[in-house]
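Chain by chain, the residues:
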Amino acid sequence: MSWKWKEEYLDRLLVPFGLLIIITYHVFLFNRYRKSPLTTVVGSEDYYKKIWAEKTLQLDAKDRGTSVNVISSNISAANTLSSVSLVMSSLIGAWIGSSNDKNIFVSSIIYGDSSSTIISIKYVALLSCFLISFAAFIQTTRHYALAAFLISLPSCDIPVNYVQKPILKYVW
């Protein structure tokens, strides 16, 4: 009695292994960010954004136009990425809705287990990733809009950390 390898076994092996690698990496990165933040890209960006917000608020209100333009560019980028996420979600949703069991593209695109239940689970997982990224980019837009509003206030003495908090909010 010999054990014969089937293509369906590939999902049972690679998915848990891939999740283990991703979770291990993120735990390592989070610990490194907490212990020595300047050794990570996120920590360095946080540090420079704090300095930027502090220096921006030291300017006169009429000279803060460049800072508002920088934040407006970030808002535009977040809006573009949220639109792309929403379009991808729509395409995947339409693909799920129009597919049937005898779809010719299923065998050429999906590798591994190609039963209809597993394919549906794969599509729904992909769809949920794009919907979560859409929500994250919308929240990023909201935080940057608040920062732009606070920076553009004329002759108002607001604490620096009120501007730093929305700029440093990471949703993703």
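All of these numbers come straight from a predicted model, not from anything done at the bench.

What about the packing of helix α3 (residues 65-98) against helix α5 (residues 116-151)?
Closest axis-to-axis distance for the α3/α5 pair is 8 Å, and the angle between their directions is 160°. The pairing of α3 with α5 is recorded here as roughly antiparallel in orientation. Where α3 crosses over α5, the two elements pack in a sense that is left-handed.

Structural notes on a nonpolar patch on the surface
There is a patch of nonpolar side chains on the surface, built from W3, W5, L13 and L14 and spanning about 510 Å² of accessible area. Its place among the elements puts W5 in the segment before α1 (9-35). On the basis of relative accessible area, W5 is assigned to the partly exposed category, the value being 47%.

Examining the nonpolar core
A53, L57, I71, I75, Y144, A147, A148, L150, I151, I158, V163 and I167 together form the largest nonpolar core, which totals 12 residues. Where this core is concerned, the elements lending two or more residues are α2 (41-58), α3, α5 and α6 (160-168). Sort the elements by how many residues they give to this core and α5 lands first, with five residues. Non-local contacts of V163, meaning those with residues more than four positions away in its chain, are made with A53, L57, A147, L150, I151 and I158.

Description of the UniProt feature "transmembrane region" (unreviewed entry) in the protein
Under the present numbering, the feature "transmembrane region" (unreviewed entry) in UniProt falls on residues 12-30, 77-97 and 118-138. Across residues 12-30 one finds 100% helix and 0% strand; the C-alpha atoms that close the span lie 28 Å apart. Along residues 118-138, the helical share is 100% and the strand share 0%, with 30 Å between the first and last C-alpha atoms.

Details of the environment of A78
Counting through the fold element by element, A78 comes out in helix α3. Residue A78 is classed as buried on the basis of its relative accessible area, which comes to 5%. Apart from residues no more than four positions distant in its own chain, A78 is found in contact with F137, T140 and T141.

Thoughts on the environment of I96
Within the secondary structure layout, I96 lies in helix α3. For the pair I96 and V124, spaced 28 residues apart in sequence, the C-alpha separation works out to 8.4 Å. Excluding its chain neighbours within four sequence positions, the residues that come into contact with I96 are Y123 and V124.

Considerations on the packing of α5 against α6
Between α5 and α6, the least distance of the axes is 8 Å, while the angle of their chain directions is 155°. Here α6 runs roughly antiparallel to α5, going by the angle between their axes. For α5 against α6, the interelement crossing comes out left-handed. Contact with α5, carried on its side by H143, Y144, L146, A147, L150 and I151, involves Y162, V163, P166 and I167 of α6 and no other residues of that element. For the contact of α5 with α6, the per-class residue count stands at nine nonpolar, one polar and no charged.

Basis of the calculations
- Residues numbered from 1 in each chain as written.
- Predicted model: local features only at pLDDT ≥ 70, side-chain atom pairs only at ≥ 80, totals over all residues.
- Heavy atoms only, no water.
- Axes fitted to C-alpha atoms, helices over the stretch in contact; angles between N-to-C directions.
- Helix = DSSP H or I, 4+ residues; strand = E, 2+ residues; numbered from the N terminus.
- Parallel < 35°, antiparallel > 145°, perpendicular 65-115°, else oblique.
- Left-handed = near helix turned anticlockwise from the far one by under 90°.
- Patch = residues over 30% accessible without salt bridge, like charges linked within 9 Å, V, L, I, M, F, W, Y side chains within 5 Å.
- Areas by Shrake-Rupley, 256 points an atom, 1.4 Å probe, with all protein chains shown as cover.
- Salt bridge = Lys/Arg side-chain N within 4 Å of Asp/Glu carboxyl O.
- Buried < 20%, exposed > 50% of the residue type's maximum accessible area, 1.4 Å probe, protein only.
- Core = buried A, V, L, I, M, F, W, Y, C linked by side-chain atoms within 4.5 Å.
- Contact = heavy atoms within 4.5 Å.
- UniProt positions renumbered as here; feature names shortened; annotations may be inferred.
- Nonpolar A, V, L, I, M, F, W, Y, C, P; charged D, E, K, R; others polar.

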